Amino acid sequence: MKKSLVAVLIAAAGVSASTGIAMADGPSGDVFLEIVDGRVGVGRISEDGLEITRGERVFIASLGEDVPNVAAEPGFQSLAGAFDPSGFVA
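Residues numbered from 1 in each chain as written. Predicted model: local features only at pLDDT ≥ 70, side-chain atom pairs only at ≥ 80, totals over all residues. Heavy atoms only, no water.

Moving on, we get to the sheet that holds strand β2 (residues 39-45). Pairing is mixed across the open sheet formed by 4 strands, whose spatial order is β3-β2-β1-β4. The strands lining the two open edges of the sheet, one partner per strand, are β3 (52-54) and β4 (76-77). Bridge analysis of strand β1 (residues 30-36) against β2 gives 7 bridges, and the strand direction is antiparallel. Across the sheet, V31 pairs through a bridge with R44, a residue of β2. (Pairing = 2+ DSSP bridges. Helix = DSSP H or I, 4+ residues; strand = E, 2+ residues; numbered from the N terminus.)

Below you can see the structure in the form of structure tokens.
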């Protein structure tokens with residue numbers, strides 16, 4: 001049983017590695033932050049700010065385009081007034 005599990009994991013890793021370029025073309029947009037029940041909620045917001053996908057927590061970026069191991073994208077956005085500048089968030 002252990003050998004078959006290892007074989008499946010190795011096969012999955014191989015497929016993942018071979019499709020890495022195709023997987024890099026994910027949805028564009030910025031990290032969307034909001035307050036939900038007193039906590040920070042995360043999602044994705046389109047660059048034009050018209051489409052919000054709440055609950056999205058995986059974002060794609062190209063590292064090292066300008067500075068090694070650093071990415072300028074995605075950015076961060078929230079709706080006006082979402083965070084009180086004098087307040088705290090749990």
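The rest of the description comes next.
One pass over the full model with this rule turns up 1 salt bridge. E34 is the partner of R54 in a salt bridge, and the nearest nitrogen-oxygen pair spans 2.8 Å. In this pair, R54 sits in strand β3 while E34 sits in strand β1, placing the two residues 20 residues apart along the sequence. Note on R54: relative accessible area 51%, which makes it exposed. (Salt bridge = Lys/Arg side-chain N within 4 Å of Asp/Glu carboxyl O. Buried < 20%, exposed > 50% of the residue type's maximum accessible area, 1.4 Å probe, protein only.)

Considering every residue of the protein, the mean pLDDT works out to 77; 70% of them sit at 70 or more. Taken element by element, the protein is modelled with least confidence in helix α1 (residues 2-18), mean pLDDT 45, and with most confidence in β3, mean pLDDT 95. Contacts for the low-pLDDT stretch residues 1-23, under 50 throughout, to residues beyond four places or in other chains number 2 contacts. (pLDDT = per-residue confidence, 0-100. Contact = heavy atoms within 4.5 Å.)

Here the focus is the side chain of E34. Look at E34 and you get buried, because its relative accessible area is 15%. Within the structure, the side chain of E34 is placed 2.8 Å from the side chain of R54, a separation counted as a polar contact. Once you skip the residues sitting within four places of it in the chain, E34 turns out to touch R39, V40, G41, R54 and F83. (Polar contact = N/O pair within 3.5 Å; in protein donor to acceptor, adjacent residues only side chain to side chain.)

The next subject is the environment of A82. Note that A82 resides in the segment after β4. What makes A82 partly exposed here is its relative accessible area of 24%.

This part takes up the side chain of S46. Structurally, S46 can be placed in the loop between β2 and β3. Judged by relative accessible area, which is 14%, S46 ranks as buried. Aside from chain neighbours lying at most four places away, what touches S46 is G29, E51 and Q77.

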